[in-house]
Each structure stands twice: as C-alpha cells, then as structure tokens.
Amino acid sequence: MTHKLQKRLKWCFMTKVSVVLPIYNVAKYLPKCMDSLLKQTLQDVEIICVNDESSDNSLQILEDYAAKDNRIKIINQKNSGPGVARNNGIKAAQGEYIAFCDPDDWVELSAYETLYNAAKENGVDLVEYAITVHEENSRKKQLKNNLYKQEITYINDNPKIIFQGVSAAWNKFCSAKLLKKNNILFSEGYCCEDLIFSVSVRAKAKMILYIDKPFYNYLHRKSSITHKKSAVNLLVPDFINDTLKFLQKENIYPSVKEEFWSCALGLASLHYRKLPKENIDEYKAKCQSIMPEDIYKKFADYTKEKTFLRQLFSFGYNGKVYELTILGIRIKF
C-alpha cells in the first residue's frame, strides 16, 4: 500500500469531530455538559476529557460515562490550567474538525452536525457561531459576533476582523489540519489563555464562515476562577506580548495595530482588577515593558484610585461578557 493511499484511507475513516474539554472540579455541572455532547445528532464524535487533577468527583463521573460510551477518552494531567489541558486535547484529537467546550457549559444537540456540514459545504477551516449566555439565576441572553457583516469573511480583505466578536475558543469549530499544521495552541495559563489561540486561528484560516445561530450555551458563574482575585493574572501581559510577536511575525500588525492595543488595553485593565495587592507592582512593570507609551498612560490612568466618576460609569470586557456600569448599576451584555 502506497503512502498516498494510506493517507487517503486515514482521512476517509477518521472521526468527524473531536470535542476537547478541560476539566477541573466541575462535578456539579459535568453531567449536563456530557449529556449534551453524547446526544448530538452527529454520532461520529470523540469526546476528549482532560482531567486537570480535579479534587472533587469529576474524574469518577467521567469514568462512569466512559464505561458506557467508548467515544469518551480521558487524559489525566498534573494541575496546569485549561491552556495546557486544551493543548493536550488537541494533540490527542483524531477528528477531522476540533471543537472546544467548557464542562460547566452545554451544546445544542444539532450543533456539530450543522457545523460539520457547513464547514464541508463551504470549504472553510473555521466556523464561528453565536452563543447564549446564562446567568446562574436562569436569565439568558444571546451574544452574537454581530460585527461580521456577511456569512463568509476573508481575512485578507478585512484583517481587523481578527479582533472582532467573541475571542473565546468555545465558539470556534476548527479544522484539525489547520491547528496541527500551524501548531496553533493555547497559552499555558489559567486565564486569558485563549487570546493567542483566537488570534492565530483566525489569521491562519484566511476565511471565516459565521453562522448566526446560538449553538453554545455559556454559564456565567461568579465562583469560577475568572472572577476571583489571583496571582495567575500576572501572566496576562506575557500572553499579550506573545500575541504581539505573532502579529509582527505574520506581518499583520500594521493592519490591526489600533484594534490590537484596544483589545490589549481592555484585557490588561480587566485582569489588573483581579490581582492581589502584592502582585500589582510587578504587573504594572510588565505592562509598561510591552506597551507603547501612549497605551501605558491610558492603562496607568485606569489603575489609579477609582474616582467618583468612575464609580458611576465604567466599561469592561472579559472576552465573554461586556460589563457597563451606569450610576453604579452594573449591566452585562
């Protein structure tokens, strides 16, 4: 058998979709997520669960599911964060396309069949789609990438699209070939780890198909690590710098300079608020070392003690949800 024939046979019989889940202490939410994946109308999927050394019974739940369904693969790793977990999932994936899901969220049952067919029919390596944001008090709101003016966007025609819409991994349906050929991975951290992934996959895809349907359900939890003060946020300036270097290497930076620093400023300011006091000086020094002078001045102004005006009015974005404060009232959208 020739090498070319082996390669063709491999693509003919490979799994259609691999779904990667980074899992850490989510026993309360995991069954709902797993059920939504196993009941997909597209049955030709593999579910790669990367257990990040959970201390609750998340692993036992996974093992119980795996005993009943051989489409589930479990990888155990030392506690290293969701970035490393997703990277290990990508490396293990055997699917033609790769999707990402957080274990406290869930997916509409027709999602992967619709996304797979759309990707094949349109010959694209990246499909993005709307999401529905759920608060734990059961309120929900659809979140669209509504800056996409047409279903198919060509990056060369509009490189600024790289920084528009939702930047998280879980609303992206990616060709495995695209990810592995270009070694597109996540930063190794606990927060903001998907910035470099989102920018890289959009830049390398060249063409994005956007479907204006909410296939993904995101649960906004105040108890998640993204909402707690932690030293893990110290790595955010490093991840911003890695993204800057990627854009410069790909000769994209001049076309997206304004959008990049707007995004970077928002992320740096947001994660500054989540730092313990003892890490603040180090964080500021990191930001100053990578930011142009005018950008750092804006950041430094933000870090000053909150003025009365800022308490009344502010605006922020954490990559998933926008927060607008008006007269002290916080609105998420």
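Before any of the text, the structure's been laid out above.
Conventions used here
- Residues numbered from 1 in each chain as written.
- Predicted model: local features only at pLDDT ≥ 70, side-chain atom pairs only at ≥ 80, totals over all residues.
- Heavy atoms only, no water.
- Axes fitted to C-alpha atoms, helices over the stretch in contact; angles between N-to-C directions.
- Helix = DSSP H or I, 4+ residues; strand = E, 2+ residues; numbered from the N terminus.
- Parallel < 35°, antiparallel > 145°, perpendicular 65-115°, else oblique.
- Left-handed = near helix turned anticlockwise from the far one by under 90°.
- Contact = heavy atoms within 4.5 Å.
- Nonpolar A, V, L, I, M, F, W, Y, C, P; charged D, E, K, R; others polar.
- Phe/Tyr/Trp six-rings, centres within 6.5 Å; stacked < 30°, edge-to-face > 60°.
- Buried < 20%, exposed > 50% of the residue type's maximum accessible area, 1.4 Å probe, protein only.
- Lys NZ or Arg CZ within 6 Å of the ring centre and 35° of its normal.
- Expected span 1.5 Å × (residues − 1).

A.B. asks: Help me understand the packing of helix H10 (residues 280-290) against helix H11 (residues 293-303) in this model?
C.D. replies: Between two packed helices, both the angle of their axes relative to each other and the distance between the axes serve to describe the pair. For the pair H10 and H11, the least separation of the axes is 10 Å and the interaxial angle reads 160°. What the angle tells us is that H10 and H11 run roughly antiparallel. For the pair H10 and H11, the crossing hand works out as right-handed. From H10, Tyr283, Lys284, Cys287 and Gln288 reach across to H11, where they touch Tyr296, Phe299 and Thr303. Looking at the contact of H10 with H11, its residues break down into four nonpolar, two polar and one charged.

A.B. asks: Would you mind going over the packing of aromatic side chains with me for this structure?
C.D. replies: Given two aromatic rings, one states the distance between the centres and the angle between the planes to describe the pair. With the rule as written, the count across this model stands at 16 aromatic pairs. Between Tyr112 and Phe173, the aromatic rings sit 6.4 Å apart at their centres with planes inclined by 20°, giving stacked as the arrangement. Residue Tyr112 is located in helix H5 (residues 111-122), and its partner Phe173 is located in strand E9 (residues 172-175); the two are separated by 61 residues in the primary sequence. Ring centres 5.9 Å apart and planes at 75° place the aromatic pair Tyr129 and Phe215 in the edge-to-face group. Linking Tyr129 in strand E6 (residues 126-135) with Phe215 in strand E10 (residues 207-220), this pair joins segments that are 86 residues apart in sequence. Each member of the pair Tyr129 and Phe215 is classed as buried. Every member of this aromatic cluster is reached through a ring pair, and the members are Tyr97, Tyr112, Tyr116 and Phe173. Over the ring of Trp106 we find Lys32; its NZ or CZ atom is 3.7 Å from the centre of that ring. Lying across the ring of Phe186, Arg86 places its NZ or CZ 5.1 Å from the centre.

A.B. asks: I tried to follow helix H8 (residues 236-249) on my own but got confused; where do I start?
C.D. replies: For H8, which comprises 14 residues, the first-to-last C-alpha distance of 20 Å matches the rise-based estimate of 20 Å (1.5 Å per residue) to within 8%. Among the residues making up H8, those that are buried are Val236, Pro237, Phe239, Ile240, Asn241, Thr243, Leu244, Phe246 and Leu247. Against the buried residues of H8 lie helix H7 (195-205), helix H9 (253-272) and H10. Just downstream of H8 lies Asn251, where phi reads positive at about 60°.

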